[in-house]
Each structure stands twice: as C-alpha cells, then as structure tokens.
Amino acid sequence: MGIDGDKSVDFFLLLDNILAEQVHNLPSCPVLKNFQQTVERRSVDSLLFLLEDGSREVLQMSVGLLFYTLQKNITEAVDPSSPAEKARKLILYASHDVTLIPVLVALGTFDHKWPPYAADVTLELYEHRQSKEWFVRMSYHGEEQVVKGCRAGLCPLKEFLEVLSQYSVSPEEYNNLCSQMEGNQQTAS
C-alpha cells in the first residue's frame, strides 16, 4: 500500500473512507481501491481481536445493555402491562457498522465480512394463532439468519431469550463489569 513499515495504519479509518467514497459516488484514491479487500479483512480481524474472539465479558461490555433492553422490550410485547405497550408495533434502534459486528458475533451469525452501508438487523416477533406460542425471526441485511441455539430461522421465544441472556447485563451489572475490567487492566500494567 506504500506505507512504511514503521508507521501505524488505522484500518477502520481507511475502510470508513473507502466505503463512504463509494456510497456517495466521491472520487477515491486508486491505491486504496486496489487494497479494499485487504483493508476490510484487516478491519474485521482487528475488531475480532478486540472482541477477544467472542469473549463473554467483552461481548457483555459491547452488547450487554442492548440485549438487556431487547429482553425487556420483547417480554413487555409478549405480555403488555399497559395500553401503550399493547399498541406498540415497532421499536427502532440505530447504530454504526462497528456496533453490528459484536451483535452478530453474540448471536452466532457473523459472516466475517464488514457490514455493508445501511446494513440492518431486524427482529420480528410472531405469535402462533392456534398454539399462542411466540417466535422470533432474525434477518440481517434482508436475509433470514439462524441464531445460535435455535434450530431454524423462526426461533421459539424461550430459546431466543436464552441466547440474549448469555450476554445481557443490567445497567448495574454493566457498571460492575466495567469496574472489574478497569481493575484487570490496571493490574496487568
């Protein structure tokens, strides 16, 4: 790529620039374009390294509060305690590509590719008309996914909530975990 060996490279920044230029039809650096796959691969590898290949504690720090909120909102949707909860049909969360990767890793659906621009994760809640059993369907960028711990794309709610519970942390648990990890970093220094 024409970068001296003693210089550090921020692959996240490079990839962000490459993708933004493409999406917005901006002129781009031909050298960077030639190295797009390498930059993407290094970005994915770097993020997976930071996530410690799916370490439970690191994933809890990354997605634990989101999963806690998802559990709470799904549970309220299944058994609403107020007319407002019963009337709610959509809950929308927004994030960046770098946030989607830990979500996909925790759910066991990450394909080792950087999320494309405007990628989305959709969770749909279904109730079977006769049995009244609840199910969750997850899709990523428009394609149905099979969440780890689920047998099919349409996952029984209990199984889906069990997957979320592996990484879900309440705000109090998050603060405790954060303090523990800070203490571990200071001890390691």
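Conventions adopted
- Residues numbered from 1 in each chain as written.
- Predicted model: local features only at pLDDT ≥ 70, side-chain atom pairs only at ≥ 80, totals over all residues.
- Heavy atoms only, no water.
- Helix = DSSP H or I, 4+ residues; strand = E, 2+ residues; numbered from the N terminus.
- Buried < 20%, exposed > 50% of the residue type's maximum accessible area, 1.4 Å probe, protein only.
- Contact = heavy atoms within 4.5 Å.
- Areas by Shrake-Rupley, 256 points an atom, 1.4 Å probe, with all protein chains shown as cover.
- 1 Å grid on protein atoms, 1.4 Å probe; cavity = no way out; pocket = protein on both sides within 12 Å on 5 of 7 lines; lining within 4 Å.
- Points joined across faces, edges and corners; volume = space filled by probe spheres on them.
- Core = buried A, V, L, I, M, F, W, Y, C linked by side-chain atoms within 4.5 Å.
- Nonpolar A, V, L, I, M, F, W, Y, C, P; charged D, E, K, R; others polar.
- Salt bridge = Lys/Arg side-chain N within 4 Å of Asp/Glu carboxyl O.
- Pairing = 2+ DSSP bridges.

A few words now on the overall build of the protein. When its secondary structure is counted, the protein shows eight helices and four strands. For the protein, the N- to C-terminal ordering of α and β elements is α-α-α-α-α-α-β-β-β-β-α-α. Principal axes of the C-alpha set define a box for the protein whose edges measure 65 × 45 × 30 Å. In the protein, buried positions account for 32% of the 189 residues. Sequence separation of at least 24 residues holds for 56% of the intrachain contacts in the protein that already meet a minimum separation of 6. Element-wise, carbon and sulfur atoms account for 51% of the exposed surface of the protein, whose accessible area totals about 12,300 Å².

Here the focus is empty space enclosed by the protein. Going through the model one piece at a time under the given rule, you end up with one cavity of 30 Å³ or more. Looking at the largest cavity, the residues that line it are I18, E21, Q22, S28, C29, L32 and K33. Secondary structure elements with two or more residues in the lining of the largest cavity: α1 (11-23) and α2 (30-34). If one sorts the elements of the lining of the largest cavity by residue count, α1 sits on top with three residues.

Right, let's get into the nonpolar core. Formed by 39 residues in total, the largest nonpolar core has its most connected members in F67, L107, F160 and L164. Elements with a contribution of two residues or more to this core: α1, α3 (36-50), α4 (56-78), α6 (97-106), β2 (134-140) and α7 (157-165). Setting aside residues no more than four positions away along its own chain, L107 makes contact with F67, M138, V147, K148, F160, V163 and L164.

Computed from the structure, the largest pocket encloses a volume of approximately 1,400 Å³. Along its surface, the largest pocket is lined by 44 residues, and I91, L92, Y93, V121 and L123 are the ones closest to its centre. Secondary structure elements with two or more residues in the lining of the largest pocket: α1, α4, α5 (83-87), α6, β1 (121-127), β2 and α7. The biggest single contributor to the lining of the largest pocket is α4, with seven residues. For the lining of the largest pocket, the per-class residue count stands at 29 nonpolar, six polar and nine charged.

So, about the pattern of salt bridges. In total, this model carries four salt bridges according to the counting rule given. With its nearest N and O atoms 2.3 Å apart, the salt bridge here joins R137 to E144. Taking relative accessible area as the criterion, E144 reaches 44% and is therefore assigned partly exposed. For E159, the salt bridge identified is with R151, shortest N-O distance 3.0 Å. A relative accessible area of 16% means that E159 is categorised as buried. A single network of salt bridges, built from pairs that share partners, joins E124, R137 and E144.

Looking at the element boundaries, Q71 is found in helix α4. Discounting chain neighbours no more than four positions away, the residues touching Q71 are L161, L164, S165 and S168.

Alignment of β1 against β2, held across seven bridges, turns out to be antiparallel. Within β2, the residue paired with L125 across the bridge is V136. Hairpin connection, β1 to β2: the antiparallel pair is bridged by six residues, and K132 has positive phi, about 65°.

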